[in-house]
There are 2 protein chains.
Amino acid sequence: MGEDTRVSYQDIKARVLAAIRDNTWPPGAMLPGEVALAQEYGCARATVNRAMRELAEEGILERKRKAGTRVKLAPARQARFSIPVVREEIEALGASYRYALVSRSEEATPKWLAAQLGLGAGDRVLHLVCMHYADERPFQLEQRWINLATVPQAAKKDFSQTGPNEWLVSEVPFTDIRLSFSACRGNRETAEFLGGNETDAHFTVERVTWLGERPVTYARLLFHAGYRMTTTL
Amino acid sequence: MGEDTRVSYQDIKARVLAAIRDNTWPPGAMLPGEVALAQEYGCARATVNRAMRELAEEGILERKRKAGTRVKLAPARQARFSIPVVREEIEALGASYRYALVSRSEEATPKWLAAQLGLGAGDRVLHLVCMHYADERPFQLEQRWINLATVPQAAKKDFSQTGPNEWLVSEVPFTDIRLSFSACRGNRETAEFLGGNETDAHFTVERVTWLGERPVTYARLLFHAGYRMTTTL
């Protein structure tokens, strides 16, 4: 076939994409060389080159100097979520943030928490319940326990103005975090604090933080019904 | 103070950790030099050095040749979740995996999906509903739509033996993914398929995949009540 100067690099991109979509070239397949493609498509090699370059920039092809050009395999399916302090998350939405302390009590570690964190029954914790509002709408209900053996200075803090998350981040180093995401069915308390009703489903983040071997804090964060945590990769 | 050879590096580690915990040295604080610490703790400099080295290896201190040693600030709060194919997730739990196709239909793109993916009203999609079981217990209900303009070969596939996720991963390249995590309240359909009852809360993953500008697929994955997605950082 002769060289047709009316064939644009966009035409070549479209034809390559079509061949990928109809599985002529499945993921991982090696493409013919540029000379061969130019011949097949009846265009200049430079036109093929530009099309290939753009498809590589768009993440569809993978070009290696010696190995040639392949259809890219699926990217590693690893999602990254940044875990912001809730105030920053709310402010990033353009909303005004308000914090409120619901309750604060020093108590013996409840058995379920002692089991979960590996604490002794005699260890004491500071138990806080807090609300975070976005433009005065309930955004997050925070249930938090701080291990007073690891963070004794928390006992002196009233947490009326600043939430425990912001305070802990600035005061206490940590080395390990365990994060869980789940869904939690509402109850009377969540309906009261987060609005909505008792059968709402709440996206829930649980976070345990350690300093070396010592548990620092356990937090259970319930988001308002309809909350979505989104990421693009 | 004189040098006490009975002071072990473990003692020094414990004292440094205590000083970090009681906020003598808050996150980011610069520690005194090793000579000064050896003097303060009444031990050999080598003992201090070993304690510091281990605390740095444990991620509690940060040592820089010229700048000295600091208490490490909180690590970047970025969580990574790997997004496995559901079969791999179930098999990693040591459970046996079973796939079942509930329904399969070629249809005009529903308006909500056309809006979400930027498709035209005339575009056709393949709509699949599938179940994934772990040891014969319901694990995940998958609602999936495949854009037939991007993936025409899906029309020929019956999906009775292999789920669309596994098939798509091996057949169709993709360049971008948008992932959302949320909680979804059960309904009659989820109660039928996932067991439990209509007011259960289901952890939900939504995934949109593109090949360049073209939407490939939208999937809505509802997990059994009580499912947790956990990661450690």
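Here the structure is a predicted model, which means the values were calculated and not measured. Note that residues are indexed from 1 along each chain, following the sequence as it is written. Chain labels run from A onward and ligand labels from 1 onward, assigned in the order the entries are written. Reporting in this predicted model follows two pLDDT cut-offs: at least 70 for local features of residues, and 80 or more for side-chain atom pairs to be given and counted; totals over whole chains, interfaces and linings ignore these cut-offs and use all residues. Note: side-chain values were computed over all heavy atoms of the structure, leaving out hydrogens and water.

Draft legend 1. Local environment of the overall build of chain A. Starting at the N terminus, helices and strands are each numbered in turn, a helix being any DSSP run of H or I of at least four residues and a strand any DSSP run of E of at least two. A tally of helices and strands in chain A yields 7 helices and 10 strands. In terms of overall size, chain A is more extended than a compact globule, its C-alpha atoms giving a radius of gyration of 28 Å where 233 residues would be expected to give roughly 17 Å. In terms of its C-alpha atoms, chain A occupies a principal-axis envelope of roughly 85 × 40 × 30 Å. Exposure categories follow from relative accessible area, calculated using a 1.4 Å probe and restricted to protein chains: below 20% of the type maximum is buried, above 50% is exposed, and the middle band is partly exposed. Taking all 233 residues of chain A together, 48% fall into the buried category. Two residues qualify as a contact provided that any one of their heavy atoms is within 4.5 Å of a heavy atom in the partner residue. Here the contacts in chain A between residues at least 6 apart in sequence split such that 59% fall between residues at least 24 apart. Per-residue accessibility takes into account occlusion by the displayed protein chains alone, with areas from the Shrake-Rupley method and a 1.4 Å probe. Summed over its atoms, the accessible surface of chain A is roughly 11,100 Å², and 47% of this surface lies on carbon and sulfur atoms. The charged-residue count follows a simple rule in which Lys and Arg add positive charge and Asp and Glu add negative charge, with His and chain termini not counted at all. Throughout, a charge is located at the NZ atom of Lys, the CZ atom of Arg, the CG atom of Asp or the CD atom of Glu. Distance from the positive charge centre (31 side chains) to the negative charge centre (29 side chains) of chain A: 5 Å. Each radius of gyration is computed over the set of C-alpha atoms, and the globule rule expresses the reference value as 2.2 Å times the number of residues to the power 0.38.

Draft legend 2. Local environment of unusual backbone geometry. Residue and element names in this part refer to chain A. Non-glycine residue Phe-159 carries a positive phi angle of around 60 degrees. Positionally, Phe-159 belongs in the loop between β6 (137-147) and α6 (164-171). Among the residues examined, Phe-159 registers a relative accessible area of 0% and is labelled buried.

Draft legend 3. Structural view of the domain arrangement of chain A. Where a domain begins and ends is set by an automatic assignment or by a domain database. Segmenting chain A into domains produces domain 1 (9-71) and domain 2 (86-223). Spacing between the C-alpha centres of domain 1 of chain A and domain 2 of chain A amounts to 52 Å.

Draft legend 4. Region of interest: the interface of chain A and chain B. Residue-level contacts link 59 residues of chain A with 59 residues of chain B. Defined in terms of a 1.4 Å probe, buried area is the accessible area two parts forfeit on being brought together, summed over both. Across the chain A/chain B interface, buried area totals approximately 5,300 Å², and carbon plus sulfur atoms make up 56% of it. One side-chain nitrogen of Lys or Arg within 4 Å of one carboxyl oxygen of Asp or Glu is enough to make a salt bridge. The interface formed by chain A and chain B holds 2 salt bridges in total. Close ionic contact of Glu-206 of chain B with Arg-228 of chain A constitutes a salt bridge, the shortest N to O distance being 2.6 Å. In the analysis that follows, any N or O atom pair within 3.5 Å is treated as a polar contact, provided that within protein one partner can donate a hydrogen and the other can accept it, and provided that, for residues neighboring in sequence, both atoms belong to side chains. At the boundary of chain A and chain B, one finds 10 residue pairs in polar contact (both at pLDDT 80 or more). Listing elements by their share of the side of chain A that touches chain B, those giving two or more residues are α1 (9-21), β3 (78-82), α6, β7 (176-185), β8 (201-211) and β10 (228-232) of chain A. Here the element with the most residues in the side of chain A that touches chain B is β7 of chain A; it accounts for 10 residues. Note on residue categories: nonpolar means Ala, Val, Leu, Ile, Met, Phe, Trp, Tyr, Cys or Pro, charged means Asp, Glu, Lys or Arg, and polar means any other residue, Gly included. Residues of the side of chain A that touches chain B, tallied by class, amount to 28 nonpolar, 17 polar and 14 charged. Pairing geometry for β10 of chain A and strand β7 (residues 176-185) of chain B, over 5 bridges, is antiparallel. By the bridge assignment for β7 of chain B, Thr-231 of chain A is matched with Leu-179 of chain B. DSSP calls a pair of strands paired once it identifies at least 2 bridges connecting them.

Draft legend 5. Examining the sheet that holds strand β5 (residues 124-134) of chain A more closely. Within the open sheet, the 7 strands sit side by side as β4(A)-β5(A)-β6(A)-β9(A)-β8(A)-β7(A)-β10(B). Their pairing is antiparallel. At either margin of the open sheet sits one strand with a lone partner, and together these are β4 (97-108) of chain A together with β10 (228-232) of chain B. Here the average twist between neighbouring strands, direction ignored, is 15 degrees. One ladder, built from 11 bridges, connects β4 of chain A with β5 of chain A; its direction is antiparallel. Among the inter-strand pairings, Leu-101 of chain A is bridged to a residue of β5 of chain A, identified as Cys-130 of chain A. Convention adopted: a line fitted to C-alpha atoms gives each axis, helices being fitted over their contacting stretch, and angles between N-to-C directions are expressed from 0 to 180 degrees. Set on the sheet, α6 of chain A makes contact with β4, β5, β6, β8 and β9 (214-223) of chain A; between it and β6 of chain A the angle comes to about 50 degrees.

Draft legend 6. Region of the structure containing the relation of the copies chain A and chain B. Placing chain A over chain B gives an RMSD of 0.2 Å and needs a rotation angle of 180 degrees, together with 0.0 Å of translation along the axis. Taken together, the rotation and translation describe the operation of a two-fold axis. The share of interface residues of chain A whose copies in chain B are also at the interface is 100%, consistent with both copies meeting through the same surface. A residue counts toward the fit only if its pLDDT is at least 70 in both copies, and the copies are then superposed by least squares on the C-alpha atoms of those residues.

Draft legend 7. Spotlight on the packing of aromatic side chains. In this scheme Phe, Tyr and Trp rings, the latter by its six-membered ring, pair at centre separations within 6.5 Å, and the angle between planes marks the pair as stacked below 30 degrees, edge-to-face above 60, and tilted otherwise. Going through the model one piece at a time under the given rule, you end up with 22 aromatic pairs over all chains. Measuring from ring centre to ring centre gives 5.7 Å for Phe-139 of chain A and Tyr-227 of chain A, while their planes differ by 85 degrees; the resulting arrangement is edge-to-face. Of this pair, Phe-139 of chain A sits in strand β6 while Tyr-227 of chain A sits in the loop between β9 and β10, and the two are 88 residues apart along the sequence. Each of the two residues, Phe-139 of chain A as well as Tyr-227 of chain A, counts as buried. When the centroid spacing of 5.8 Å and the interplanar angle of 35 degrees are considered together, the rings of Trp-145 of chain B and Tyr-218 of chain B count as tilted. Taken together, the positions of Trp-145 of chain B in strand β6 (residues 137-147) and Tyr-218 of chain B in strand β9 (residues 214-223) put the pair 73 residues apart, joining distant regions of the chain. For Tyr-218 of chain B, a relative accessible area of 2% puts it in the buried group. A connected cluster of aromatic rings, assembled from ring pairs, spans Phe-139, Phe-181, Phe-203, Phe-223 and Tyr-227 of chain A together with Phe-139, Phe-181, Phe-203, Phe-223 and Tyr-227 of chain B.

Draft legend 8. Examining the confidence of the model for chain A more closely. Taken residue by residue, chain A gives an average pLDDT of 87. The fraction at 70 or more is 93%. Mean pLDDT per element in chain A: β3 of chain A is the minimum at 63, and β5 of chain A is the maximum at 97. Note on scores: pLDDT gives the predictor's confidence for each residue, bounded by 0 and 100.

Draft legend 9. Inspection of helix α2 (residues 34-41) of chain A at higher detail. All names here are of chain A. Buried residues of α2: Glu-34, Leu-37, Ala-38 and Tyr-41, and no others. Summarising the axial view, the buried residues of α2 lie within an arc of 100 degrees, below the 170-degree limit, and thus occupy one face. Every exposed residue of α2 that faces more than 90 degrees away from the buried side is listed here: Val-35 and Gln-39. On its buried face, α2 sits against α1, α3 (45-57) and β1 (61-64). Of the residues trailing α2, Gly-42 is marked for its positive phi of about 65 degrees. Note that the arc is defined by the directions from the helix axis to the C-beta atoms.

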